Amino acid sequence: MTDVAVRPAEHTPEPVDRVGARPDREHRIFRGALVLIIAAAVVVRFIARQPLWLDEAQSVAIARLPLSGAAPTMWDGLLQDGSPPLYYILLHLWISVFGEGTASVRGMSAVINLGSAVPVFYLGRRLVGDRGAKVAVVLYLTSPFALYFGTETRMYSLIVLLTALGGLALERVLRVPSVKNMVLLAVASGCLALTHYWCLYLLVTVGAWLVGLVVVRPRVAAARAARRGRAGRSGAHSRGGRRPAAPAPADASEQPTAAPELLADAAGGARRAVPTWHPRGPLAGIIGIIAGGLVFAPWLPNFRSQLAHTGTPWGEPASFAAVSHAYGQWAGGPTTLGRLLLFLITGLVAAGIAGRPLGGRFVLLDLKGLEPGRTLFLLATGTLIVAVAAGKLVGNAWADRYTATAFVPFLLVVGLGATMLADRRVFHGVVAVAALVGVIAGTSDVRRERSQAGEAADVLTRLSRPGDILLVCPDQLGPGLARTVPSWLKVYVVPTYAAPDRVDWVDYEERNESADGVAIAQRAIAEAGTNTVFMAGSGAYRTYEELCTQVRATLQTQRPVADEVMEQGLPARVYENYALLRFRAS
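Everything numeric here is computed off the predicted structure, so don't read it as measured data.

**Q** Hey, could you run me through the overall build of the chain in this one?
**A** Helix and strand counts for the chain stand at 22 helices and 12 strands. Residue burial in the chain is summarised as follows: out of 586 residues, 54% are buried. Sequence-distant contacts, at least 24 apart, represent 77% of the contacts inside the chain between residues at least 6 apart. When the accessible area of the chain is evaluated, it comes to approximately 25600 Å², of which 62% is carbon and sulfur surface.

**Q** Looking at this model, I keep getting lost on a nonpolar patch on the surface. Mind explaining?
**A** Together, Val 211, Val 214, Val 215, Val 216, Val 220, Leu 283 and Ile 287 give the surface a local cluster of nonpolar side chains, amounting to about 500 Å² of exposed area. At the level of secondary structure, the elements contributing two or more residues to the nonpolar patch comprise α10 (199-238) and α11 (281-296). The biggest single contributor to the nonpolar patch is α10, with 5 residues. Mapped onto the fold, Val 214 is located in helix α10. Overall, Val 214 belongs to the partly exposed group, its relative accessible area being 33%.

**Q** Would you explain the state of the cysteines in this entry?
**A** Two cysteines joined by a covalent bond between their sulfur atoms form a disulfide. Scanning the entire structure with this criterion turns up 1 disulfide. Covalently, Cys 473 is tied to Cys 548 through a disulfide, its sulfur atoms 2.0 Å apart. Its torsion about the S-S bond being -95 degrees, the disulfide of Cys 473 and Cys 548 is classed as left-handed. Highlighted residues: Cys 473 in strand β7 (residues 469-473) and Cys 548 in helix α22 (residues 547-558), separated in sequence by 75 residues. When sorted by exposure, Cys 473 lands in the same class as Cys 548, which is buried.

**Q** I'm lost on the pattern of salt bridges in this one. Help?
**A** Pairing is possible between side chains that carry opposite charge, provided their charged atoms lie close to one another. One pass over the structure, following the stated rule, counts 17 salt bridges. As a salt-bridge pair, Glu 371 and Arg 374 come within 3.1 Å of each other at their nearest N and O atoms. The class of Arg 374 is partly exposed, set by a relative accessible area of 22%. A single salt-bridge network, built from bridges that share partners, covers Asp 55, Arg 154 and Arg 401.

**Q** I'm lost on the packing of aromatic side chains in this one. Help?
**A** Any two aromatic rings considered together are summarised by their centre-to-centre distance and by the angle between their planes. Under the defined criterion, the tally for this structure stands at 27 aromatic pairs. Between Phe 149 and Tyr 156, the ring centres sit 5.2 Å apart and the planes meet at 65 degrees, which makes this aromatic pair edge-to-face. The pair Phe 149 / Tyr 156 is uniform in exposure class, with both members buried. When the ring of Trp 330 is compared with that of Phe 407, the centres are 6.1 Å apart and the planes differ by 50 degrees; the resulting orientation is tilted. With a gap of 77 residues between them, Trp 330 in helix α13 (residues 321-331) and Phe 407 in helix α16 (residues 407-419) connect regions that are remote in the sequence. For the pair Trp 330 and Phe 407, one class covers both residues: buried.

**Q** Explain a negative patch on the surface to me, please; I cannot follow it from the model alone.
**A** A contiguous patch of negative charge on the surface is contributed by Glu 449, Glu 455, Asp 458, Glu 564 and Glu 567. Topologically, Glu 455 is positioned in helix α18 (residues 453-463). Taking the relative accessible area as the measure of exposure, Glu 455 reaches 41% and is therefore partly exposed.

**Q** Sorry if this is basic, but what is going on with the nonpolar core here?
**A** One recurring pattern in soluble globular proteins: nonpolar side chains tend to sit buried together. Membership of the largest hydrophobic core comes to 123 residues, with the highest contact counts inside it found for Trp 209, Leu 210, Trp 330, Trp 398, Phe 407 and Phe 410. The leading source of residues in this core is helix α6 (residues 117-141), at 14 residues. With residues up to four places along the chain from it excluded, the contact list for Leu 210 reads Leu 170, Leu 174, Pro 282, Gly 285, Ile 286 and Ile 289.

Each value, and the rule that gives it
Residues numbered from 1 in each chain as written. Predicted model: local features only at pLDDT ≥ 70, side-chain atom pairs only at ≥ 80, totals over all residues. Heavy atoms only, no water. Helix = DSSP H or I, 4+ residues; strand = E, 2+ residues; numbered from the N terminus. Buried < 20%, exposed > 50% of the residue type's maximum accessible area, 1.4 Å probe, protein only. Contact = heavy atoms within 4.5 Å. Areas by Shrake-Rupley, 256 points an atom, 1.4 Å probe, with all protein chains shown as cover. Patch = residues over 30% accessible without salt bridge, like charges linked within 9 Å, V, L, I, M, F, W, Y side chains within 5 Å. Salt bridge = Lys/Arg side-chain N within 4 Å of Asp/Glu carboxyl O. Disulfide = S-S within 2.5 Å. Phe/Tyr/Trp six-rings, centres within 6.5 Å; stacked < 30°, edge-to-face > 60°. Lys, Arg positive; Asp, Glu negative; His and termini not counted. Charge placed at Lys NZ, Arg CZ, Asp CG, Glu CD. Core = buried A, V, L, I, M, F, W, Y, C linked by side-chain atoms within 4.5 Å.

Bear in mind that shape data such as this cannot, by itself, settle questions of function.
This is the structure:
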């Protein structure tokens, strides 16, 4: 044991107040405040009305394609996009019922996001206890990270839902390794892989942990037992042959098939037992995850094609510093209030990993870490490390939104950390402040403009006329603009001179490097004739550093009567920002 304290406590402090004490006026106020805060968090998930940005608009453009018939179908769109199909199938069905309006398509994410709270609670109750599960759900519902992706037309809320369901399936397999539970785990694993390829990193991390339980941990436990035996025999000889004292029971974390050890529960100081795992549970878990490949198998030929021809040409691989950055995003997000929330959440994470309630306002830390927080933190962090390593190996970029794959274990660590606060007032204060600050910070993030497509549409509606041309450079601005610009405009993307609604990521970098910006600009001028050529552009996109400048310079040379009709927004105020230029015929 490596308990940390300034000096040995002469008198263990008595609890000032227990979290599980009989409800009184203070407790009712706390519960009422949480109800109001959570209600506000639910409402925030439905307030985003800003125009869709690239990823959202691209998702809708793919999902609305037919499932069969003449090309392009949704499957063609997915091959060009580089994504697996499960989320798009669900969005396709949603659109067929509710339409493809901004509020509608974001509403699906909000519903999934809220529904994820149910499996998060049940998983938390199995792993960190009832109180820890409730705190985890409260902080999930009010998390700026969860709030934002509950308002985005992407698959990240679905990832959280499937991660929690997969965690429940794995926990059941570890306790009862039946065929039924293994099938459920296989289905959950396959669905995760069919939702986002970063989920493969989570599955690899969990699989490696299970292999460690099967192969490594028994050997480590045997070696430690042998060392204790030798130490006992040595002690017996030194005491003149007296029978050695029985060795202390091994810590639960040293048992190869043990579930998390007994932890003191902050509710009245009671101790609770977490159910133990079956000796064959880890092996059954490995089989279940591998069997998930059968669910993924029909998509495998498409995955190979995407692996060879698409990827993330819009960004660079991250360094391992991105791991700590991800924790900052999970804890509070990019806003000032979010960064302040980071300090509070960091303390709860530390308590969840290594804390024991000592009574009152005191928490004792064991630097070795305690279960289950230690393992949950390992799975979350391990997934991020695997993601960075894989990105460096194959050249894939990092995006904070992808880290939703490891968000659920983090939430459970935070919930567990809160249960280490034995003082009722401290517990109430920490949870209420974290929830309130989370909603405020999340609301600020949700209300931030995601694209200038709406502003550009207003300008073009006012200044353009039938026959005018809009060039979009880079093409990544096209999907958002395709949903907002007036219908009389002819809109083409650079360099393909194709429709703007979808980006084709196949061999993207090679195509852009070989493109002729001068020829593209001249083609637009020739088609426009006496009409105006507009250009929506930004030079801040990878693989377009020279191409957009080339197009703009050619337009400027051949049509010197030019002006900027929309200024490029600041990144702090609008995520997808660009300028709108007008080139009129002389």
